[in-house]
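Residues per chain, in single letters:
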Amino acid sequence: FGEEEEPLHTILGKTVYTGIDHHWKEAVFATCGQQVDIWDEQRTNPICSMTWGFDSISSVKFNPIETFLLGSCASDRNIVLYDMRQATPLKKVILDMRTNTICWNPMEAFIFTAANEDYNLYTFDMRALDTPVMVHMDHVSAVLDVDYSPTGKEFVSASFDKSIRIFPVDKGRSREVYHTKRMQHVICVKWTPDSKYIMCGSDEMNIRLWKANASEKLGVLTSREKAAKDYNQKLKEKFQHHPHTKRIARHRHLPKSIYSQIQEQRIMREARRRKEVNRLKHSKPGSVPIVSERETHSGSVK
Amino acid sequence: MSALRAEESLLALRQQEELEDLPKEYPLSTSEDEGDSDGERKHQKLLEAISSLDGKNRRKLAERSEASLKVSEFNVSSEGSREKLVLSDLLEPGKTSSSLATVKKQLNRVKSKKTVELPLNKEEVERIHREVAFNKTSQALSKWDPIVLKNRQAEQLVFPLKKEQSAFAPIEHVLSGWKARTPMEQEIFNLLHKNKQPVTDPLLTPVEKASLRAMSLEEAKMRRAELQRARALQSYYEARARREKKIKSKKYHKVLKKGKAKKALKEFEKLQKVSPSAALEELEKIEKARMMERMSLKHQNSGKWAKSKAIMAKYDLEARQALQEQLARNKELTQKLQAASESEEEEEGAEDEDEMLVPDAVNEVRMNADGPNPWMLRNGPGEAEELDIQKDPEQPPEPVAHEASESEGEENPVAEEEMLLKELEERRSLRKKPGLNQDAKPVGRRETKDSSSQEVLSELRALSQKLNKENHRSTKQKVSSARTVLPVQREEAADEEEEPMLLQRPERARTLDELEELGREGCFQDKERPRPAVNGQWLERKPNNQPGAPKEKPKKEQMIDLQNLLSTKSPSVKSLAVPTTVEEWEDEEEKDQRQMIKEAFAGDDVIRDFLKEKREAVEASKPKDVDLTLPGWGEWGGVGLMPSAKKRRRFLIKIPEGPPRKDKNLPNVIINEKRNIHAAAHQVRVLPYPFTHHQQFERTIQTPIGSTWNTQRAFQKLTTPKVVTKPGHIIKPIKAEDVGYRSSSRSDLSVVQRNPKRLSIRHKKQLKKNSVD
């Protein structure tokens, strides 16, 4: 500790690199900046570089299952998918606002989630990019990072609103929110590969380790404890729709800033909705289409 | 992808078209071209010649001024000839020479070809590339669809997904890579070698080799599979046999036996048709079986079971039926087959002729006593008992009284009948008693000829005559009286105080109903078997023959009750709410209009419907009295028996009237008072998403999942968590190999695992090699 270490290998590039990701199986990595470059670890020149448009690309991610696939997001609000084998970009979708990063589902090859500046996360099926499969809303500021649980059932997102949230993949609302007084804007977040913990790094230069399931008991459980835990879990699941159970399950303490923001945004959303409903009510039937939340966020695909 | 395909197909089509076009057009066009150009040329020459004739306009042909050895092909000018240099010009000199024909052809071909189109611009090309690549990729990804779907719907997912796969390399391969190093290992190795154990090459012992040679792998496998199947079948049959043997149900065995008997009969019939001799043998067998049956007491109602049933038969319909069935069976078994029995009948007929003195009725009684009537078959003791009871001096006066009260109008004839019956039965018993020892004789009928019974006979004759007179008149009464009397007669003395009470109800209920039936049936029954009504047993059996009769009765009563309810419910509605103010309609038109409206809405009486609804609501909301009476508690219970009024009164808990309804004074309103505000706070208001009907949801909520209400296994099954992960175990992303797909970058191992056939071939090769060694 304290010694300066020499890097084993240095590559001098012509442009700025803004993101990097390693291949899941082979000794290959990808960088992004002006273009997406695929590198062999042993070489100083990229194997291939792919580009589509001229904006700077902020992050690039390999698909963990079909490892020749890559996804990147650029500052001109688009998400571009690449195929490494054919050395060609595949598809581009332009959203309303900039996507900060994406993450592929490790259990479902064609599903990825994009963390967007418009406070939302979008889960896409890469074969049909025109409409997101699910819009995840709960953050009250830009979402900066997202990472999937290795089980592929949930993902965690880090936000500029100084909190991290855990979303089920198939739900639009978060299951859990983590925050502390001292945690500032959370820049990056990762789920540990045994799916038990979450790590996050934030602006005040700390790394924090969270339990992925806050109420879970750590350590070895006896069989009776396990049975009791399962039973309790099942009961909660069974009665989840009952008002009081629902309230308890949903209730979280939030910092004042987030709380007030949520209220404010709710008011805004309701106003919008009211307006839409009114418009629908007072116009000729059929002339105003009913648009679902998902469809309002659909981007243009190229 | 489809776009790409379309492109390809289009291209192919175009090429084909070209190919097709070529042979057609080519030769034709060339000849035409040649002809044309030749003609033009001649024409041109002609024109030139004409112009040269003029002399004025004649232009000098340009000449090359510089002399040079090499004449460049590019410097050839066609100036002066006033036309461009055409390819055919160059070919002119070679026209005649046949050696240049091929060149000419080639040139022509070149000339006929079209120009190549301009290449697409870069962006277009890239776009097409992207599209094609995207299509290809998304198709490749679609293979994950089933797996993704399966995982999403899975009841439970245990991570890490990858299971430990058993090592696939055969043991020989593992061993071949291993060498003995330490001295001890070497020693052991040597020992093994001495014993010809296959440690290294050759891998097989001589015995194994021999076996291999004897049987190929496939054959062995097939044989093993066959053996396995045979064993499985055997064990299956064994298990089935054991299971069937274990079945305690007598009914099941009975049915089984019956089925077997039927089958045997069918087979016998078949046999009769095919080979009569074999059938005869079979018949003998059957006959023997019958004889055995006759000898044995198996179905004679003398067994323990039969006795107990005989006691129960008084109360229990089923027991009675069972007894009867058994008797029928006995009869069936002991009956001689037709071929043999004819002579016997004749004999019987002869005997009957002998006994013409005896009146018909008695004859029939006697005959019944022997054969057809199974009740008479019962041996001495049972009947004697009955008779004893009948003769009981303290015959209860209740039944008679009861009966009398029942059939008031027909009191006299019934009394007469009663007397007659008693007399007859007494006589019969007298006759029977001496006959008991006569039964031991092979021919039991001789008893009638006994001198002791002669006087009885004469009396009987007189009686029967009397009876025959009365028969038609009073069958009904007889039947009913016999029914009511006999059961009572059979009661034990101890029960006598209570019995009549108990019996009263069902009997009374029955008689009314059955009298009609009997009235209908009575006549033809009498015709059918003109048997005196004295035969009490037959009458007693009656309800057995028609089990529907007693069952029907309670139903009918219920029906009536329901109807009553309905009738009370459908009332004539009169209420304040009905607009009763009938104004005087002077105007004719208005009257008409009203009439019309009335006619139009004649069908639906809204007000009445509403009132009915409201009344129902009020009824439903009224607190109901709680009836806690337990039928049969502390007294007899059963069909048609009601707990006593006292008990009912005692155990009926009256609920006090609730507060007045809110809509009591509002005739046009129904206020639902069922909704409980306090409970509503805990109730689910909206049907949750996956459910489509509230009943589904209610059912899921109602089913308990705790171990208190479930078996251990069910509890475990119900509470399995959806996702199971182990702390500290790394969960890797799903792999194509894990789920049995070939990934794009497959390893050799995966191929081997995917393709067991190939492996087996390789394995075989290996084995062959080894065996050669």
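Structure: above.
Residues numbered from 1 in each chain as written. Chains lettered and ligands numbered in written order. Predicted model: local features only at pLDDT ≥ 70, side-chain atom pairs only at ≥ 80, totals over all residues. Heavy atoms only, no water.

A. Highlighting the overall build of chain A. Each helix and strand in chain A was counted, giving four helices and 20 strands. Here chain A holds 302 residues, and the buried ones make up 46% of them. Residue pairs in contact within chain A that sit at least 24 positions apart in sequence constitute 43% of those at least 6 positions apart. Roughly 16,600 Å² of accessible area belongs to chain A as shown, and the carbon and sulfur atoms make up 54% of that amount. (Helix = DSSP H or I, 4+ residues; strand = E, 2+ residues; numbered from the N terminus. Buried < 20%, exposed > 50% of the residue type's maximum accessible area, 1.4 Å probe, protein only. Contact = heavy atoms within 4.5 Å. Areas by Shrake-Rupley, 256 points an atom, 1.4 Å probe, with all protein chains shown as cover.)

B. Spatial organisation of the overall build of chain B. When helices and strands are tallied, chain B shows 31 helices and four strands. Sorting the 773 residues of chain B into buried and exposed places 21% on the buried side. For chain B, restricting intrachain contacts to residue pairs at least 6 apart in sequence, the fraction spanning at least 24 positions comes to 66%. Counting every atom, chain B has about 60,200 Å² of accessible surface; 56% of that belongs to carbon and sulfur.

C. Region of the structure containing the pairing of strand E9 (residues 99-104) of chain A. Residues and elements named next belong to chain A. The buried count for E9 comes to six of six residues, which makes it a mostly enclosed element. Across five bridges, E9 lies against strand E10 (residues 111-116) in antiparallel orientation. The partner of Trp104 across the bridge, within E10, is Phe112. Counting the residues between successive antiparallel strands, the hairpin from E9 to E10 contains six residues. (Pairing = 2+ DSSP bridges.)

D. Focus on the sheet that holds strand E4 (residues 46-50) of chain A. Residues and elements named next belong to chain A. On the basis of which strands lie adjacent, the open sheet formed by four strands has the order E1-E2-E3-E4 and antiparallel pairing. The open sheet is flanked by strand E1 (19-22) and E4, the only strands paired with a single partner. Averaged over all pairs of adjacent strands, the angle between strand axes in this sheet comes to 20°, irrespective of strand direction. As paired strands, strand E3 (residues 36-40) and E4 are joined by four bridges and run antiparallel to one another. Paired with Ile38 across the bridge in E4 is Cys48. (Axes fitted to C-alpha atoms, helices over the stretch in contact; angles between N-to-C directions.)

E. Geometry of the interface of chain B and chain A. Contact with chain B, which involves 49 residues of that partner, is made by 41 residues of chain A. In total, chain B and chain A occlude about 4,000 Å² of area from one another, counting both sides; carbon and sulfur atoms represent 65% of this. The largest contributions to the chain B side of the interface with chain A come from B:Arg130, B:Phe134 and B:Leu141, which together make up 17% of the buried area. Counting across the chain B and chain A interface gives three salt bridges. Residues B:Arg152 and A:Glu108 are paired through a salt bridge, measuring 2.9 Å at the closest nitrogen-oxygen approach. Across the contact surface, chain B and chain A share 13 residue pairs in polar contact (both at pLDDT 80 or more). The greatest single-element share of the side of chain B that touches chain A, amounting to eight residues, is contributed by helix H4 (residues 122-142) of chain B. (Buried area = accessible area lost by both parts, 1.4 Å probe. Salt bridge = Lys/Arg side-chain N within 4 Å of Asp/Glu carboxyl O. Polar contact = N/O pair within 3.5 Å; in protein donor to acceptor, adjacent residues only side chain to side chain.)

F. Broad picture of the environment of B:Pro659. All names here are of chain B. Relative to the assigned elements, Pro659 resides in the loop between strand E3 (652-653) and helix H27 (677-680). With relative accessibility at 73%, the residue Pro659 sits in the exposed group. Taking the C-alpha atoms as reference points, Pro659 and Lys622, 37 residues apart in sequence, are found 10.0 Å from one another.

G. Representation of the packing of helix H10 (residues 250-274) of chain B against helix H11 (residues 276-295) of chain B within the structure. All names here are of chain B. Two elements in contact, H10 and H11, have axes whose closest approach is 6 Å; the angle formed by their N-to-C orientations is 145°. Contact with H10, carried on its side by Phe268, Leu271, Gln272 and Val274, involves Pro276, Ala278, Ala279, Glu282, Leu283 and Ile286 of H11 and no other residues of that element. Looking at the contact of H10 with H11 residue by residue, the class counts come to eight nonpolar, one polar and one charged. (Nonpolar A, V, L, I, M, F, W, Y, C, P; charged D, E, K, R; others polar.)

H. Spotlight on the pattern of salt bridges. The tally for this structure, following the rule as stated, stands at 21 salt bridges over all chains. Note that B:Glu124 and B:Arg127 form a salt bridge whose closest N and O atoms lie 3.5 Å from each other. Residue B:Glu124 and its partner B:Arg127 are located together in helix H4, separated by three residues, close to a single helical turn. Exposure remark for B:Arg127: the relative accessible area of 38% places this residue in the partly exposed category. B:Lys254 is the partner of B:Glu325 in a salt bridge, and the nearest nitrogen-oxygen pair spans 3.7 Å. Of the two residues, B:Glu325 sits in helix H13 (residues 317-334) while B:Lys254 sits in helix H10, which places them 71 residues apart along the sequence. On the accessibility criterion, B:Glu325 (42% relative accessible area) is partly exposed. You can call B:Lys254 partly exposed: its relative accessible area is 43%. Salt bridges sharing common partners tie together A:Asp125, A:Arg127 and B:Asp145.

I. Summary view of a positive patch on the surface. All names here are of chain B. A contiguous patch of positive charge on the surface is contributed by Lys257, Lys258, Lys260, Lys262, Lys266, Lys270, Lys298 and Arg329. When residues of the positive patch are assigned to their parent elements, the largest contribution, six residues, is made by H10. With respect to the helices and strands, the residue Lys262 is situated in helix H10. By relative accessible area, Lys262 is classed as exposed at 63%. (Patch = residues over 30% accessible without salt bridge, like charges linked within 9 Å, V, L, I, M, F, W, Y side chains within 5 Å. Lys, Arg positive; Asp, Glu negative; His and termini not counted. Charge placed at Lys NZ, Arg CZ, Asp CG, Glu CD.)

J. A look at the side chain of A:Asn100. All names here are of chain A. Inspection of the secondary structure assignment puts Asn100 in strand E9. For Asn100, a relative accessible area of 10% translates into the label buried. Only 2.9 Å separates the side chain of Asn100 from the side chain of Arg98, close enough to count as a polar contact. There is a polar contact of 3.0 Å between the side chain of Asn100 and the side chain of Glu117. Excluding residues within four positions of it along the chain, Asn100 makes contact with Ser58, Ser59, Cys73, Ala115, Asn116, Glu117, Val143 and Leu144.

K. Region of interest: H4(B). Across its 21 residues, H4(B) extends 30 Å between first and last C-alpha, which sits within 8% of the 30 Å expected from 1.5 Å per residue. Taken together, the buried positions of H4(B) are occupied by B:Arg130, B:Val132, B:Ala133, B:Phe134, B:Thr137, B:Ser138 and B:Leu141. (Expected span 1.5 Å × (residues − 1).)

L. Representation of unusual backbone geometry in the model. Each neighbour pair has its own omega, and for B:Phe159 with B:Pro160 the value is -5°, a cis peptide bond. Positive phi outside glycine occurs at A:Met205, with the angle close to 65°. Within the secondary structure, A:Met205 is located in the loop between strand E18 (197-202) and strand E19 (207-211). Looking at A:Met205, the relative accessible area reads 74%, which means it is exposed.

M. Looking closely at the sheet that holds E19(A). Residue and element names in this part refer to chain A. Taken in spatial order, the three strands of this open sheet run E17-E18-E19, and their pairing is antiparallel. The sheet terminates laterally at strand E17 (186-191) and E19, the two strands that pair on one side only. Across the sheet, the mean angle separating the axes of adjacent strands is 20° when strand polarity is ignored. Note: E18 against E19, five bridges, orientation antiparallel.

N. The arrangement of a nonpolar patch on the surface in detail. Residues and elements named next belong to chain B. Together, Leu85, Val86, Leu87 and Leu90 make up a nonpolar patch on the protein surface, roughly 340 Å² of accessible area in all. On the secondary structure map, Leu87 appears in helix H2 (residues 87-91). The exposure class of Leu87 is partly exposed, given its relative accessible area of 39%.

O. Just the packing of aromatic side chains, in detail. Residues and elements named next belong to chain A. On inspection of all chains with the given rule, the structure shows eleven aromatic pairs over all chains. Between Tyr178 and Trp210 the ring centres are 4.9 Å apart and the planes differ by 5°, which places this aromatic pair in the stacked class. Of this pair, Tyr178 sits in strand E16 (residues 176-178) while Trp210 sits in strand E19, placing them 32 residues apart in sequence. For the pair Tyr178 and Trp210, one class covers both residues: buried. Taken together, Trp104, Phe112, Tyr122 and Phe124 form an aromatic cluster joined through their ring pairs. (Phe/Tyr/Trp six-rings, centres within 6.5 Å; stacked < 30°, edge-to-face > 60°.)

P. Representation of the nonpolar core within the structure. Core analysis: the largest hydrophobic core is formed by 60 residues, its most contacted members being A:Val36, A:Ile38, A:Leu70, A:Ile79, A:Phe112, A:Met126 and B:Trp144. Setting aside anything within four residues of it in sequence, one finds A:Ile79 in contact with A:Ser72, A:Cys73, A:Lys91, A:Lys92, A:Val93, A:Leu95, A:Thr99, A:Ile102, A:Phe112, A:Ala114 and A:Phe124. Listed in part, the 13 residues of the second largest apolar core include A:Tyr178, A:Val189, A:Ile198 and A:Trp210. (Core = buried A, V, L, I, M, F, W, Y, C linked by side-chain atoms within 4.5 Å.)

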